[in-house]
Amino acid sequence: MLPRFIEILDTLEREIYFIDEATFSVSQTRRYAWSLPGSDGPQQPVNSLYFVGVAVIVAINMDGQIVKLMTRERGIDKFKVLEFLTKLGQIPTSKPKAIFLDNLMAHHSIEAG
């Protein structure tokens, strides 16, 4: 099925871009607490060591080359998706663009539609 899909994409006469986002983190935040025997509950919450995650959004073309990349701390929201799409749209090409997105909720908003 995938080879047939690629054949169809080749007939579109468009610059084809695939876009995806990911967030990477070295660790997770976990809250731990302790309590003394016979007490009513946790006495002292303690946070584990936390590293800020890095979020990326990237567009690749049919050749697998990175066309546009954006990184930021934490996550990618719908406003960052719109900013990314705007910047991607400003890249000059000889053919119209066709953009394929995954099913991220930010892509379903009115602004991104």
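Throughout what follows, the structure given in this document is the object of discussion.

Conventions used here
- Residues numbered from 1 in each chain as written.
- Predicted model: local features only at pLDDT ≥ 70, side-chain atom pairs only at ≥ 80, totals over all residues.
- Heavy atoms only, no water.
- Phe/Tyr/Trp six-rings, centres within 6.5 Å; stacked < 30°, edge-to-face > 60°.
- Pairing = 2+ DSSP bridges.
- Helix = DSSP H or I, 4+ residues; strand = E, 2+ residues; numbered from the N terminus.
- Axes fitted to C-alpha atoms, helices over the stretch in contact; angles between N-to-C directions.
- Contact = heavy atoms within 4.5 Å.
- Salt bridge = Lys/Arg side-chain N within 4 Å of Asp/Glu carboxyl O.
- Buried < 20%, exposed > 50% of the residue type's maximum accessible area, 1.4 Å probe, protein only.

1. Thoughts on the packing of aromatic side chains
Consideration 1: With the rule as written, the count across this model stands at two aromatic pairs.
Consideration 2: Each residue in the set Phe5, Phe18 and Phe100 is aromatic and connected to the rest through ring pairs, giving one cluster.

2. Description of the sheet that holds strand β4 (residues 54-61)
Consideration 1: Taken in spatial order, the four strands of this open sheet run β5-β4-β1-β6, and their pairing is mixed. Two strands bound the open sheet, and with one partner strand each, they are β5 (66-73) and β6 (97-101). Averaged over all pairs of adjacent strands, the angle between their axes in this sheet comes to 20 degrees, without regard to strand direction.
Consideration 2: Looking at chain direction, β4 and β5 are connected through seven bridges and run antiparallel. Across the sheet, the residue bridging to Val58 is Leu69, located in β5.
Consideration 3: Docked against the sheet, helix α2 (residues 78-89) engages β1 (15-24), β4, β5 and β6, running at close to 150 degrees with respect to β5.

3. Here we look at the pattern of salt bridges
Consideration 1: Counted under the stated rule, the structure contains three salt bridges.
Consideration 2: Note that Arg4 and Glu7 form a salt bridge whose closest N and O atoms lie 3.5 Å from each other. Note that Arg4 and Glu7 are positioned in helix α1 (residues 2-10) at a spacing of three residues, about one turn of the helix.
Consideration 3: The exposure class assigned to Arg4 is exposed, which follows from its relative accessible area of 52%.
Consideration 4: The exposure class of Glu7 is partly exposed, given its relative accessible area of 46%.
Consideration 5: Lys80 serves as the salt-bridge partner of Glu83, at 3.1 Å between the closest nitrogen and oxygen. Residue Glu83 and its partner Lys80 are located together in helix α2, separated by three residues, close to a single helical turn.

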